[in-house]
Amino acid sequence: MNAREECVLQIQNLQVSVGSAAASTAVVRGLSYQLSKGKVLAVVGESGCGKTIHALSVLRILPPGAHITGGQILYHGKDILTLPAEELRQLRGQKIAMIFQDPMTSLNPIRTIGKQLTETILAHKKCSKLRAQATAIRLLKKVGIADARRRMKEYPFQFSGGQRQRIMIAMALCLKPDILIADEPTTALDVTIQAQILKLIKQLQTQSNMAAVFITHNLALVAEVADEVLVLYGGYCMEQAAAAELFKHPLHPYTQGLLASLVHLSGPKPTHLCAIEGYPPAPGMPKEGCPFAPRCPKATDKCHAQLPPLFTEGAHAVRCWLREESK
Ligand SMILES: Nc1ncnc2c1ncn2[C@@H]1O[C@H](COP(=O)(O)OP(=O)(O)OP(=O)(O)O)[C@@H](O)[C@H]1O
Ligand SMILES: [Mg+2]
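Computed from a prediction, not measured in an experiment: that's the story for all the values here.

1. Thoughts on the pairing of strand S8 (residues 211–216)
- For S8, the tally of buried residues reaches 6 of 6 residues, placing the bulk of the element in the interior.
- Where burial is concerned, the two faces of S8 agree: the one with Ala211, Val213 and Ile215 and the one with Ala212, Phe214 and Thr216 are both buried.
- One ladder, built from 5 bridges, connects strand S3 (residues 40–44) with S8; its direction is parallel. Note on S8: the bridge partner recorded for valine 40 is alanine 212.
- Between the parallel pair strand S7 (residues 179–183) and S8, the chain is carried across by helix H8 (residues 191–208), and the sense of this crossover is right-handed.

Structural data, given as structure tokens:
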């Protein structure tokens, strides 16, 4: 981040655990990043690495059993973790909006889309019902729902998966948030629709100069939309860099593995896919050493014994002992 950029969200050493006090397991382990106005940060990693839990922490909507055990989450310099309930309510939706993976879990199946959108607007803004309805129609048009006025009277099941995700985007944007957190908003959709939805989010984000955190397990998806990429593994940040730099010079063997496993649609047909051998670790495992060491083709004894710190080279950070040796 350069000095002139306005920092809207800063996470410092965030620690989140799941389970009871007697048997708790760390699932986010010392995560830190800064997000500037108008920028898109992609948080990438395989299933179970803590992507969703970290996002839910920002809005303080963690599921039962999960709790923040340390760190700070600063929104414009104010710690979200110590905000009183009323300020927190205003923050959610109004300042920071979130789009979830499956729109059906966020939309009420027995209320029309028009009612749900209008109610969301009225819950946060002092305006007439007519005005809220007009805003809802305008937003539906903006996210590409044709015949928006008529479709306001329809129920979620009357829309396709892609359309429902568009409605969720409209819902998230209706209060003009500063920050949009999109948690795998396209995984339930087919590839063409995924690209459309992503393009839509990027377009709306650019138009309103919003900051966005884009969560995905698919590095290929973020190549065109992200300014910065953070690679999570076993709850740790393994690598973080400007997107162009990360795609050009991935330093961590895990990031290299993720990139090698991508199918390039425009390139020659691969003879085989280089999937990363093995599985991500169970929460809190391994107890010592680098969490990626058991799957890492370059791991040494030190990697199995000691957790590497984040080594930084300019704006490029990487958690790997190999970087120490290469210096
Ligand atoms: N309510 C919960 N209770 C106990 N453990 C949980 C709970 N929610 C998540 N976890 C654990 O926390 C870890 C991180 O989960 P999280 O949902 O953040 O993963 P993710 O990176 O979003 O994965 P995915 O790509 O599958 O969505 C996982 O190991 C998961 O099993
Ligand atoms: Mg998730």
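Past the structure itself, the notes keep going.
2. A few points about the packing of aromatic side chains
- In this structure the tally under the stated criterion is 5 aromatic pairs.
- With 5.0 Å between their ring centres and 55 degrees between their planes, tyrosine 254 and phenylalanine 292 make a pair best called tilted. A residue pair is termed long-range when its members are at least 10 positions apart, and tyrosine 254 in helix H11 (residues 253–260) and phenylalanine 292 in the loop between H11 and helix H12 (301–305) qualify at 38 residues. For the pair tyrosine 254 and phenylalanine 292, a shared accessibility class is recorded, and that class is buried.
- By way of ring pairs, the aromatic residues Tyr233, Tyr254 and Phe292 are connected into one cluster.
- Lying over the aromatic face of phenylalanine 159, arginine 151 brings its terminal NZ or CZ to 4.1 Å of the ring centre.

3. Things to note about the domain arrangement of the protein
- Under the domain assignment used here, the protein contains domain 1 (7–95 + 177–325) and domain 2 (102–176).
- Look at where the C-alpha atoms of domain 1 and domain 2 centre, and you get two points 29 Å apart.
- Taken together, the contact pairs 17 residues of domain 1 with 13 residues of domain 2.
- Of the roughly 1300 Å² buried between domain 1 and domain 2, counting both surfaces, carbon and sulfur atoms make up 66%.
- Our count for the contact surface shared by domain 1 and domain 2 stands at 0 salt bridges.
- At the boundary of domain 1 and domain 2, one finds 3 residue pairs in polar contact (both at pLDDT 80 or more).
- The leading source of residues in the side of domain 1 that touches domain 2 is H8, at 7 residues.
- Residue classes in the side of domain 1 that touches domain 2 are distributed as 10 nonpolar, 4 polar and 3 charged.

4. Structural notes on H11
- Counting buried positions along H11 yields 6 of 8 residues, so the element is predominantly enclosed.
- Taken residue by residue, H11 has Pro253, Tyr254, Thr255, Gly257, Leu258 and Leu259 as its buried positions.
- Those residues of H11 that are buried lie in contact with S3, helix H9 (219–222), strand S9 (228–233), strand S10 (236–242), helix H10 (243–248) and helix H13 (321–325).

5. A short note on the site of ligand 1
- Lining the immediate environment of ligand 1, one finds 14 residues, of which Ser47, Gly48, Lys51, Thr52 and Ile53 sit closest.
- Serine 47 has a polar side-chain atom sitting 2.5 Å from an oxygen atom of ligand 1.
- At 3.1 Å, a backbone N or O of glycine 50 approaches an oxygen atom of ligand 1.
- Isolated, ligand 1 exposes 640 Å² of accessible area, and the fraction of that covered by the protein chains is 67%.
- If you tally residues by element for the shell around ligand 1, the top one is helix H1 (residues 51–58), at 3 residues.

6. Thoughts on the state of the cysteines
- Across all of its chains, the model carries 0 disulfides by this definition.
- The closest cysteine sulfur to the non-disulfide-bonded cysteine 174 is located on cysteine 127, 10 Å from its own sulfur.
- With no disulfide of its own, cysteine 320 lies 6.1 Å from the sulfur of cysteine 303, the closest cysteine sulfur.
- Residue cysteine 320 is classed as buried on the basis of its relative accessible area, which comes to 7%.

The rules we used
- Residues numbered from 1 in each chain as written.
- Chains lettered and ligands numbered in written order.
- Predicted model: local features only at pLDDT ≥ 70, side-chain atom pairs only at ≥ 80, totals over all residues.
- Heavy atoms only, no water.
- Buried < 20%, exposed > 50% of the residue type's maximum accessible area, 1.4 Å probe, protein only.
- Helix = DSSP H or I, 4+ residues; strand = E, 2+ residues; numbered from the N terminus.
- Pairing = 2+ DSSP bridges.
- Right-handed = clockwise from strand over helix to strand, strands pointing away.
- Phe/Tyr/Trp six-rings, centres within 6.5 Å; stacked < 30°, edge-to-face > 60°.
- Lys NZ or Arg CZ within 6 Å of the ring centre and 35° of its normal.
- Domains from an automatic or database assignment.
- Contact = heavy atoms within 4.5 Å.
- Buried area = accessible area lost by both parts, 1.4 Å probe.
- Salt bridge = Lys/Arg side-chain N within 4 Å of Asp/Glu carboxyl O.
- Polar contact = N/O pair within 3.5 Å; in protein donor to acceptor, adjacent residues only side chain to side chain.
- Nonpolar A, V, L, I, M, F, W, Y, C, P; charged D, E, K, R; others polar.
- Near = heavy atom within 4 Å.
- Areas by Shrake-Rupley, 256 points an atom, 1.4 Å probe, with all protein chains shown as cover.
- Disulfide = S-S within 2.5 Å.

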